[in-house]
Amino acid sequence: MARKTRKEYEGQSALNNIMFNSIGDGAVVTDEYGRITAINQSARKLIGVTDKEAIGAWFPKLIRAYDDLGRPVPLIERPITKAFVSKQVVTARSHYKAKDGTMVPISTTASPIIVNGQPIGSIEIIRDITQEYEIDEMKSNFISLASHQLRTPLSSVKTYSHMLLDGFMGPLTKPQIKALKTIISASNRMNETISTLLNITRIESGSIVVAKKPISISQIIEEVISEHQLAAADKSIVCKAKCPDRSVKVISDSVILKEVLGNLISNAIKYTPPSGTIRVSVSLKNTRTVTIKISDTGMGIPKNSHNDVFSKFFRAENVVKQETSGIGLGLYMVKGLVKELGGDVWFESKEGQGSDFYVSLPLDNKNASKNKLVRK
Ligand code: ADP
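(A) View of the pattern of salt bridges. Across all of its chains, the model carries 11 salt bridges by this definition. Between Arg93 and Asp136 there is a salt bridge, and its shortest N-O distance comes to 3.8 Å. Of this pair, Arg93 sits in strand β3 (residues 90-97) while Asp136 sits in helix α6 (residues 130-165), and the two are 43 residues apart along the sequence. Residue Asp136 is classed as partly exposed on the basis of its relative accessible area, which comes to 33%. Salt bridges sharing partners connect three or more residues here, namely Arg93, Asp136 and Lys139.

Structure, rendered in structure tokens:
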């Protein structure tokens, strides 16, 4: 192939420059230290900087990122850092503070430039997502409003069904009792769905209220299990708990923690065939963390679904075929709630061999000396 002349190279470089500057989204190129080596017109306009101000500046400092609550995103969480570390393309949403102080929602995609297996720089594509953000917010407000409105009539349905069942309006025939029980169980399911939707909108909007105080881990587990005892008995499933002494306390919000454990136990019951066993146990790894394990002997989660289990609307193939009730929001909510509690949630599972879900939570450090595992 004939060698390019200097003129041809210069012509190509000028053309590349024109193309780079014509990209509609913000594009920023950095070296291996994250220092900006090129910035296109859209990025300069979006951030409100000149070429001179940007070139040579450290990307994470020039373009600071904030989360939904206006807190700075730690460097380790920024797409540029993750892209350098993982050598993969990383996309994330955040906010950027404009010069007039307004927070602009942006989506950033950081791609590492890899040469001989090593990142020698990166390219960041920055997009103003104000419109998508507003639509998202409208959608969340709508779900929140609709859910609140559904709750009131639903509580009347439940109250009157219970009054009828308890004989307040006269004796009932067997088929009437059966029908009422179906109504009550359907309205309970609907209530759970509404509460999941409300929780998700609260998590996503950052408006969830967390009231942490020391709570006995055993007491909470006992309460949640007793609330699910009927559903388990319906399928002849045995629920066993191995709890520490009641004095072992976590620093948590009891309502949120009950929602988390309730969801995991309800899934364990839902995805375990009749006559199975559910075991709840607690372990202390150190003086700071307690881990609750919920094991079942159910259908398990196929390996190819493991990465998606905590995603919104995800349901694994094996359960869709057998269990029609469920919308795939429970674990997405659980993940968000556990994060609010300062803990973590994960699982181990093999298809056909049951599942173990784990929740770790911060212990009540003031009472650390009392936090010994005393088996009952
Ligand atoms: P839903 O139960 O409404 O489908 P979840 O978000 O609670 O939604 O769970 C997501 C998916 O994870 C379920 O559809 C199922 O495929 C899988 N899953 C969750 N818990 C279990 C479990 N204990 N055993 C087997 N599969 C489970």
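(B) Seen up close, the nonpolar core. One finds Ile217, Ile221, Leu257 and Leu361 to be the most contacted residues of the largest nonpolar core, which totals 45 residues. Contributing elements (two or more residues each) for this core: α7 (174-205), α8 (217-234), α9 (254-270), β9 (277-284), β10 (289-296), α11 (330-340), β11 (344-349) and β12 (355-362). Top contributing element to this core by residue count: α9, with eight residues. Those residues in contact with Leu361 that sit more than four places away from it in its chain are Ile217, Val250, Ser252, Leu257, Arg288, Thr289, Val290, Ile292 and Leu341. Ile36, Ile47, Ala98 and Val104 belong to the second largest nonpolar core, which has 16 residues in total.

(C) Examining the sheet that holds β3 more closely. Taken together, the five strands give an open sheet; going across it, the order is β2-β1-β5-β4-β3, and neighbouring strands pair in antiparallel fashion. Strand pairing shows two members of the sheet lacking a second neighbour, β2 (36-39) and β3, which therefore form its edges. When strand polarity is set aside, the average angle formed by the axes of neighbouring strands in this sheet is 25 degrees. The pairing of strand β1 (residues 26-31) with strand β5 (residues 118-128) spans six bridges and is antiparallel.

(D) Structural view of the confidence of the model for the protein chain. In this model, the protein chain carries a mean pLDDT of 90, and residues with pLDDT of at least 70 account for 96%. Looking over the protein chain, one finds the lowest element-wise mean pLDDT in helix α1 (residues 6-22), namely 84, and the highest in β11, namely 97.

(E) Structural view of the packing of aromatic side chains. All told, the structure shown has three aromatic pairs when counted by the stated rule. Seen from their ring centres, Phe310 and Phe347 are 6.0 Å apart, and the 55 degrees between their planes marks the pair as tilted. Here Phe310, found in the loop between β10 and α10 (317-322), pairs with Phe347, found in strand β11; they are 37 residues apart in sequence, far enough to count as distant. Each member of the pair, Phe310 together with Phe347, is buried. Look at Trp346 and Tyr358: their rings are 5.3 Å apart centre to centre, the planes differ by 10 degrees, and that puts the pair in the stacked class. One end of the pair, Trp346, is in strand β11; the other, Tyr358, is in strand β12, and 12 residues separate them in sequence. Given a relative accessible area of 31%, Trp346 falls into the partly exposed group.

(F) Fine view of the site of the ligand. For the ligand, the set of nearby residues contains 19 residues, the closest of which are Asn267, Tyr271, Asp296, Arg315 and Leu331. Within the backbone of Gly330, one N or O atom sits 3.1 Å away from an oxygen atom of the ligand. The separation between an oxygen atom of the ligand and a polar main-chain atom of Leu331 is 2.7 Å. For the ligand, whose unbound accessible area comes to 540 Å², protein coverage reaches 98%.

The rules behind each value
Just so you know, the residues in each chain are numbered from 1, in the order the chain's sequence is written. It should be noted that, the model being predicted, local features are given only for residues of pLDDT at least 70 and side-chain atom pairs only at 80 or more, the latter also being counted only at that level, while totals for whole chains, interfaces and linings use all residues. Hydrogens and water molecules were not included; the side-chain quantities draw on all heavy atoms of the structure. What counts as a salt bridge is simple: a side-chain nitrogen of Lys or Arg found within 4 Å of a carboxyl oxygen of Asp or Glu. Segments assigned H or I by DSSP are reported as helices when at least four residues long, segments assigned E as strands when at least two residues long, and all are numbered from the N terminus. Residue exposure (1.4 Å probe, protein chains only): buried if accessible area is under 20% of the type maximum, exposed if over 50%, otherwise partly exposed. Buried Ala, Val, Leu, Ile, Met, Phe, Trp, Tyr and Cys residues that are joined via side-chain atoms within 4.5 Å together make up what is termed a nonpolar core. Every residue pair with non-hydrogen atoms within 4.5 Å of one another is taken to be in contact. For two strands to be treated as a pair, DSSP must find no fewer than two bridges joining them. Note on method: axes are straight lines fitted to C-alpha atoms, helices fitted across the in-contact stretch only, with angles between N-to-C directions ranging 0 to 180 degrees. A residue's pLDDT is simply how confident the predictor is in it, with values from 0 to 100. Classification of ring pairs uses Phe, Tyr and Trp, with its six-membered ring standing for Trp, and accepts pairs whose centres are within 6.5 Å; under 30 degrees between planes counts as stacked, over 60 as edge-to-face, and the remaining range as tilted. Near residues are defined by distance, with any heavy atom within 4 Å of the molecule or strand qualifying the residue. Under the rule applied, a polar contact is a pair of N or O atoms within 3.5 Å (in protein, one hydrogen donor and one hydrogen acceptor; residues adjacent in sequence only if both atoms are side-chain atoms). The accessible surface values rely on the Shrake-Rupley method and a 1.4 Å probe; as for residues, cover is taken only from the protein chains in view.

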